[in-house]
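Residues per chain are reported as follows:
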Amino acid sequence: MSGKTIKVDYLARVEGEGALLVKIKDRRVTDVQLKIFEPPRFFEAFLRGRNFSEAPDITARICGICPVAYQMSACHAIEDAFGVEVDPPIRGLRRLLYCGEWIESHALHVYLLHAPDFLGYEDAIRMAKDHPDAVKRGLSLKKAGNDVVNLLGGREIHPINVRVGGFYRLPGKPEFAALAETLKRARDAALETVRWVATFPFPDYERDYEFVALRHPAEYPFNEGRLVSNKGLDISAREYDQHFAEEHVAHSNALHSVLKERGSYFVGPQARYSLNFDKLSRLAQEAARAAGLGEVCRNPFQSVIVRSVELVYACDEALRILGELEIPARPAAECRPRVATGYGCTEAPRGILYHRYRLDDRGIILDAKIVPPTSQNQKTIEDDLRHFVSANLELPEKKLQWQCEQAIRNYDPCISCATHFLKVRVERE
Amino acid sequence: MTAGQAEIRIIGVGNSFRSDDGVGIAVARSLRERLSSGVAVLEQSGEGTALLEAWKGARAVVLVDAVQSGAAPGTIHRLDATAGGIPQAFFRYSTHAFSVTEAVELARALSQLPPRVIVYGIEGRNFSAGEGLSAEVAEASAAVAARILDEVLSLQERETPCTNSPSCQIAS
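Keep in mind it's a predicted model, so treat the numbers as computed, not measured.

Trainee: Explain the overall build of chain B here, please?
Mentor: When helices and strands are tallied, chain B shows 5 helices and 5 strands. Counting from the amino terminus, helix and strand elements in chain B follow one another as β-α-β-α-β-β-α-β-α-α. The buried share of chain B, taken over its 172 residues, is 44%. A sequence separation of at least 24 residues applies to 76% of the contacts in chain B between residues at least 6 apart.

The following block contains the structure:
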């Protein structure tokens, strides 16, 4: 028989509901479909008619793993519209909150979702029986991230303390001091994580991706910077819609994002790392080098090392911020509505998250656009699968399917985030 | 006493903005004022690692969540997770990559499962965006709340101070 089909009806260890279909005919891959059947979410429509101050809390509900990212992109976009400048200490605390979310999200993915692929386990539960100390380390890291988000956000998931202009209430110095002790232990655990994942077996696989991430002149990117790529992109968030387009594809409830000029692109830890290695802290750089990573990483299977290096960075950066902590004089900058469109793009754990809001003179949202990281990576995931399967047709069926699933999890796809919109097309004859 | 120290913890799991998925939260809220001190009532989204933290150190846990197992809406399931595994398909409504079933099994694998874990699953009808419970689910939630009060009483009876006497050792 010359044709075969790899079919995974329900992808495990990803956020949300998706499936994969790869068709092979005459030793050629004829079709690859990453199917997302999580229902569409319509968040952009919910936002219309709401006050600007509600946007951070409404959009946080899009994702239970990266609510801070939604809050940050919403705040920055609306502050852009109203011309609000936040005070430098508030900016620092936002970075600290974002560090907490990266730690939570990366620890979960590295330890509980991705590591079992490399070590040959069906899931983290079976892995925990043989590797209890590793799993406990992962959980303690996740907990450290939760503690950061809890302190600044008011609770671990769907924080309630973020507002346009800053925060509602700020914790006092003693509460921050306790956090520093937790983060020092977490940083050691993160360094151990890098050493651990560096020993995993990695398929020999590289592609010449277009990496897209924020780049800031002085720091590894969280909240600010220009959108750059290794193929010449260099724009502000305001120019996003001129360069990127969203396309509907029949097999998925999530839109596919493309660069208008060049097609698929790659966002997330590996893109950030490869475009910003020079901005990592020295400790994170050293950990990466010791793990055998170059300054650019083109093997998507090694994303697990990159995520671990970012764990080190996030702990290190959080400690730096805590070390220079200044409690701001006021918890938030004043916001005066005006008729404007605002743009914001920040680095969610899974990559750039773009928000755009058009607002009226009372601060009512007239329309909103949200482009989450997973919809931006969908095309690249499908391209990876097409190339990977083509190059590995001789693998036994089961192993090939295993590695296909692993190839999807390289991107830590958040399917719940990606299905935010569905275009309905009516054809009439 | 903080929730992290309570010997007995009631954990309501779900999302109040997804209709019947909020039934676990509704049960927890209805119990909050009706339980004696020493019993903590917690609300959780169902994210697994947070659950592991929520029951850490507890002696007994009663967890309530919505389920979609194919039974009639409002059906009440009671599982003793101490004794054995929870069927995989039971809590599959959750879109979390790591949810209630996994949290229980991971805790078991790491020897971090509290000595007693009782899980109530209430069969939901409607999981779409919105607030409020279907009639049969609301009815079941009241019944489950009453049963949990009884569970707590019997759990507390077992808690009678142990003087390490021979009879106590036999009882345990």
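Trainee: I would appreciate a short explanation of the sheet that holds strand E11 (residues 340-348) of chain A in the present structure.
Mentor: The pairing of strands in a sheet comes from backbone hydrogen bonds and takes either a parallel or an antiparallel form. All names here are of chain A. Spatially, E11-E12-E13 is the arrangement adopted by the 3 strands of the open sheet, whose pairing is antiparallel. Both edges of this open sheet fall to E11 and strand E13 (365-371), since each of them pairs with a single strand only. In this sheet, neighbouring strand axes are inclined to one another by 15° on average, regardless of whether the strands run parallel or antiparallel. Sheet topology note: the E11/strand E12 (residues 351-359) ladder contains 9 bridges and is antiparallel. Pairing of threonine 346 across the sheet is with leucine 353, part of E12. The strands touched by helix H3 (residues 67-82) are E11 and E12; relative to E11, the strand with the most contacts, the crossing angle is about 150°. Along the sheet face, helix H12 (residues 373-391) touches E11, E12 and E13 and points at about 130° away from the line of E12.

Trainee: What is the right way to look at the nonpolar core in this model?
Mentor: Most often, soluble globular proteins keep nonpolar side chains buried together rather than apart. Residues and elements named next belong to chain A. Formed by 154 residues in total, the largest nonpolar core has its most connected members in Ile103, Val148, Val309, Val312, Cys315 and Ala318. Top element by residues in this core is helix H4 (residues 88-119). It accounts for 15 residues. Setting aside anything within four residues of it in sequence, one finds alanine 318 in contact with Leu96, Cys99, Val148 and Leu183. Core analysis: the next-biggest nonpolar cluster, separate from the first, contains 15 residues, Val32, Leu255, Ile381 and Ile408 among them.

Trainee: Explain the sheet that holds strand E7 (residues 226-229) of chain A to me, please; I cannot follow it from the model alone.
Mentor: Residues and elements named next belong to chain A. The 3 strands are arranged E6-E7-E8 in an open sheet whose pairing can be described as antiparallel. Strand pairing shows two members of the sheet lacking a second neighbour, strand E6 (212-215) and strand E8 (234-235), which therefore form its edges. Note: E6 against E7, 4 bridges, orientation antiparallel. For arginine 215, the partnering residue across the bridge sits in E7 and is arginine 226. With respect to the sheet, helix H9 (residues 269-276) is in contact with E6 and E7, its orientation differing from that of E6 by roughly 50°.

Trainee: I'm lost on the confidence of the model for chain B in this one. Help?
Mentor: Low pLDDT means the predicted atomic positions in that stretch should not be read closely. Residues and elements named next belong to chain B. Residues of chain B with pLDDT of at least 70 account for 83%, and the chain-wide mean is 83. Of the regions scoring below 50 in pLDDT, residues 164-172 engages in 2 contacts with residues more than four places distant in sequence or in other chains. What the predictor reports for the complex is a pTM of 0.87 with an ipTM of 0.75.

Trainee: Looking at this structure, I do not really get the packing of helix H10 (residues 282-290) of chain A against helix H11 (residues 303-323) of chain A. What am I missing?
Mentor: How two helices pack is summed up by the angle between their axes together with the distance between the axes. Residue and element names in this part refer to chain A. Two numbers describe how H10 lies on H11: the axes approach to 8 Å, and their chain directions differ by 165°. By the angle between their axes, H10 is roughly antiparallel relative to H11. Handedness of the crossing formed by H10 with H11: right-handed. Of H11, the residues touching H10 (which contributes Leu283, Ala284, Ala287 and Ala288) are Val309, Val312, Tyr313 and Asp316. When its residues are assigned to classes, the contact of H10 with H11 shows 7 nonpolar, no polar and 1 charged.

Trainee: Got a minute to help me understand helix H1 (residues 23-32) of chain B in this structure?
Mentor: Each turn of an α-helix holds 3.6 residues, which means side chains three or four residues apart point in the same direction. Residues and elements named next belong to chain B. The buried fraction of H1 amounts to 7 of the 10 residues, a majority that puts the element mostly inside the structure. Of the positions making up H1, those classed as buried are Val23, Gly24, Ile25, Ala26, Val27, Ala28 and Leu31. Against the buried residues of H1 lie strand E1 (8-13), strand E2 (39-44), strand E3 (60-67), strand E5 (116-123) and helix H4 (135-158).

Trainee: Any chance you could explain the packing of helix H7 (residues 173-197) of chain A against H11 of chain A here in plain terms?
Mentor: Residue and element names in this part refer to chain A. Where H7 contacts H11, the axes come no closer than 8 Å and their chain directions differ by 160°. Here H11 runs roughly antiparallel to H7, going by the angle between their axes. Taken as a pair, H7 and H11 cross one another with a handedness that is left-handed. Across the interface between the two elements, Phe176, Leu179, Ala180, Leu183, Lys184, Ala186, Arg187, Ala190, Leu191, Thr193, Val194 and Val197 of H7 pack against Val304, Ile305, Ser308, Val309, Leu311, Val312, Cys315, Asp316, Ala318, Leu319 and Leu322 of H11. When the residues that make up the contact of H7 with H11 are grouped by side-chain class, the tally is 18 nonpolar, 2 polar and 3 charged.

Trainee: Got a minute to help me understand the pairing of E2 of chain B in this structure?
Mentor: Two faces belong to every sheet, and in a regular strand the side chains alternate between them. Residues and elements named next belong to chain B. The buried count for E2 comes to 5 of 6 residues, which makes it a mostly enclosed element. Judged from the 6 bridges that link them, E1 and E2 form a sheet pairing that is parallel. Across the sheet, the residue bridging to isoleucine 11 is leucine 42, located in E2. Between E1 and its parallel partner E2, the chain crosses via H1, and the hand of that crossover is right-handed.

Trainee: What should I look at first to understand the environment of tryptophan 402 of chain A in this one?
Mentor: Residue position: tryptophan 402 of chain A is located in helix H13 (residues 397-409). Here the alpha-carbon distance between tryptophan 402 of chain A and alanine 290 of chain A, two residues 112 residues apart in the chain, equals 28 Å.

Trainee: Would you explain the pairing of E12 of chain A in this entry?
Mentor: Residues and elements named next belong to chain A. The element E12 is extensively covered by neighbouring structure, given that 8 of its 9 residues are classed as buried. Sheet topology note: the E12/E13 ladder contains 6 bridges and is antiparallel. Across the sheet, the residue bridging to arginine 356 is lysine 369, located in E13. The hairpin turn running from E12 into E13, its antiparallel successor, is 5 residues long, and glycine 363 in that turn takes a positive phi close to 85°.

Trainee: Sorry if this is basic, but what is going on with unusual backbone geometry here?
Mentor: With the exception of glycine, most residues fall at negative phi, and the peptide bonds are largely trans. In the Ramachandran plot, aspartate 26 of chain A falls in the positive-phi region, its phi being about 50° despite a non-glycine side chain. Of note, aspartate 26 of chain A is situated in the loop between strand E2 (18-25) and strand E3 (28-36). Accessibility expressed as a C-beta count within 10 Å gives 7 for aspartate 26 of chain A, which makes it exposed. The backbone of serine 19 of chain B shows a phi angle near 45°, a positive value even though the residue is not glycine.

Trainee: Would you mind showing me how to read the environment of phenylalanine 388 of chain A here?
Mentor: All names here are of chain A. Summarising the element assignment, phenylalanine 388 is placed in helix H12. Here phenylalanine 388 falls in the buried class, since 24 other C-beta atoms lie within 10 Å of it. Along the chain, phenylalanine 388 and glutamine 403 lie 15 residues apart, while their C-alpha atoms are 8.8 Å from each other. Not counting residues within four places of it along the chain, the set of residues in contact with phenylalanine 388 comprises Tyr205, Gln403 and Ala407.

Trainee: Please clarify how the domain arrangement of chain A should be interpreted in this entry.
Mentor: You'll often see interface size given as the accessible area lost when the parts meet. In terms of domains, chain A is made up of domain 1 (3-36) and domain 2 (43-418). For domain 1 of chain A versus domain 2 of chain A, the separation of C-alpha centres amounts to 26 Å.

Here is what the cut-offs are and how they apply
- Residues numbered from 1 in each chain as written.
- Chains lettered and ligands numbered in written order.
- Predicted model: local features only at pLDDT ≥ 70, side-chain atom pairs only at ≥ 80, totals over all residues.
- Helix = DSSP H or I, 4+ residues; strand = E, 2+ residues; numbered from the N terminus.
- Buried ≥ 20, exposed ≤ 12 C-beta atoms within 10 Å, placed from the backbone.
- Contact = placed C-beta atoms within 7 Å.
- Pairing = 2+ DSSP bridges.
- Axes fitted to C-alpha atoms, helices over the stretch in contact; angles between N-to-C directions.
- Core = buried A, V, L, I, M, F, W, Y, C linked by C-beta atoms within 7 Å.
- pLDDT = per-residue confidence, 0-100.
- Parallel < 35°, antiparallel > 145°, perpendicular 65-115°, else oblique.
- Left-handed = near helix turned anticlockwise from the far one by under 90°.
- Nonpolar A, V, L, I, M, F, W, Y, C, P; charged D, E, K, R; others polar.
- Right-handed = clockwise from strand over helix to strand, strands pointing away.
- Domains from an automatic or database assignment.

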